[in-house]
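# Remarks on the overall topology
Residue strings, one per chain:
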Amino acid sequence: VDELYDVLEDIYSEMMNNFSPPAFHMGGDEIFFSCWNSSDSLKDWMSERGWGGENKTQDDFMKLWGYFQKKALERLDKVSGKKVPIVLWTSELTEEPHLTEHLDKDRYIIQMWSEKQSPHTKELLEKGYRVIISNYDTLYLDCGFGNWAGDSLIWCGPYNNWNKIYQNKMETFSNGTELLPLIYGAEATIWSESIDEHNLHSRLWPRISALAERLWSSK
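Predicted model, so just to flag it, every value in this text is computed and none were measured.

### Section: the overall build of the chain
Helix and strand counts for the chain come out as eleven helices and five strands. Once the C-alpha set of the chain is aligned to its principal axes, its extents read approximately 55 × 45 × 35 Å. Burial status across the chain gives 40% buried among its 219 residues. Looking at the chain alone, contacts between residues at least 24 apart form 60% of all its contacts between residues at least 6 apart.

### Quick notes on the packing of aromatic side chains
The full count for this structure, using the stated rule, is 14 aromatic pairs. Between Y12 and F24, the ring centres sit 5.5 Å apart and the planes meet at 85°, which makes this aromatic pair edge-to-face. Of the two residues, Y12 is situated in helix α1 (residues 3-19) and F24 in strand β1 (residues 24-25); the sequence distance between them amounts to twelve residues. Residue Y12 shares its accessibility class with F24, and that shared class is buried. Ring geometry for W36 versus F61: centroids 6.0 Å apart, planes at 55°, classification tilted. With a gap of 25 residues between them, W36 in helix α2 (residues 33-37) and F61 in helix α4 (residues 58-80) connect regions that are remote in the sequence. Each residue in the set W89, W113, Y136, Y140 and W191 is aromatic and connected to the rest through ring pairs, giving one cluster. Against the face of F145 rests R203, its NZ or CZ located 3.6 Å from the ring centre.

### With respect to the nonpolar core
Counting 43 residues, the largest nonpolar core has M26 and I133 as the members making the most contacts within it. No other element matches the seven residues that α4 contributes to this core. By size, the runner-up hydrophobic cluster in this structure holds five residues, among which are W89, Y136, Y140 and C143.

### Side note on a nonpolar patch on the surface
Together, V7, I11, M15 and F19 make up an exposed nonpolar region whose accessible area comes to about 390 Å². As for its placement among the helices and strands, M15 is situated in helix α1.

### A short note on the pattern of salt bridges
If the charged atoms of two oppositely charged side chains come close together, the side chains can form a pair. Following the criterion strictly, the structure yields ten salt bridges and no others. With a shortest N-O distance of 2.9 Å, D6 and R75 are connected by a salt bridge. In this pair, D6 sits in helix α1 while R75 sits in helix α4, placing the two residues 69 residues apart along the sequence. Note that R75 is salt-bridged to E9, the shortest N-O span being 2.8 Å. Taken together, the positions of R75 in helix α4 and E9 in helix α1 put the pair 66 residues apart, joining distant regions of the chain. Counted as one network, the salt bridges with shared partners bring together D6, E9, R75 and K78.

### Quick look at the sheet that holds strand β3 (residues 108-112)
Here we have five strands laid out as an open sheet, ordered β1-β2-β3-β4-β5, and parallel in their pairing. Either end of the sheet is taken by a strand with one partner, and the two such strands are β1 and β5 (183-186). Pairing of β1 with strand β2 (residues 86-89) involves two bridges; the strand directions are parallel. What sits directly across from F24, in β2, is I86.

### A word on helix α11 (residues 207-217)
Buried residues of α11: R207, A210, L211, A212 and R214, and no others. The inward-facing, buried residues of α11 abut α7 (136-139), α8 (162-166), β5 and α10 (200-204).

Quick notes on the rules
Residues numbered from 1 in each chain as written. Predicted model: local features only at pLDDT ≥ 70, side-chain atom pairs only at ≥ 80, totals over all residues. Heavy atoms only, no water. Helix = DSSP H or I, 4+ residues; strand = E, 2+ residues; numbered from the N terminus. Buried < 20%, exposed > 50% of the residue type's maximum accessible area, 1.4 Å probe, protein only. Contact = heavy atoms within 4.5 Å. Phe/Tyr/Trp six-rings, centres within 6.5 Å; stacked < 30°, edge-to-face > 60°. Lys NZ or Arg CZ within 6 Å of the ring centre and 35° of its normal. Core = buried A, V, L, I, M, F, W, Y, C linked by side-chain atoms within 4.5 Å. Patch = residues over 30% accessible without salt bridge, like charges linked within 9 Å, V, L, I, M, F, W, Y side chains within 5 Å. Areas by Shrake-Rupley, 256 points an atom, 1.4 Å probe, with all protein chains shown as cover. Salt bridge = Lys/Arg side-chain N within 4 Å of Asp/Glu carboxyl O. Pairing = 2+ DSSP bridges.

Rendered as structure tokens:
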């Protein structure tokens, strides 16, 4: 629906006018292909462009995702009047062959939620992409508190203590110092499904200060 981009342009315009951010986070996490695959109008639109046959594959939907990202970025550039750096979460779009096809390394900064041992971080660095570290197995501060949604399985744990956070050195992700300049830093996250005014501070402190000390004292 082409009007989608008009709506995005209005939102981007308001955000740029109010905040003038030095960088802009465009999300890009938890894209649900089954949702797209349930829309006949969307699949017909894709078929008109030659993107797959009757049964769409993930590669077909990656073309759609890349198209959306390109159009959305055009609207952001239009209202900002300059090309600010764009941040995206790691996803299928940040993996090859989609990465270099759709995401310019000089424009995009990739925020890594992948686990510490994931090879994806080093692969991005070796291709010249800048990254922000937010590995869930250390820097997700909401992890380790058990289930919050009935009998559903909790996806992350155990609790990430302050010592684990302090030992989360940036040099580990770059496998040395040569690629270290491409690591812009790190950001701890705390998702709010089980957070309110009563437990927010106890879940942030003192662990967030351990991250600050790690980033300030690293070489």
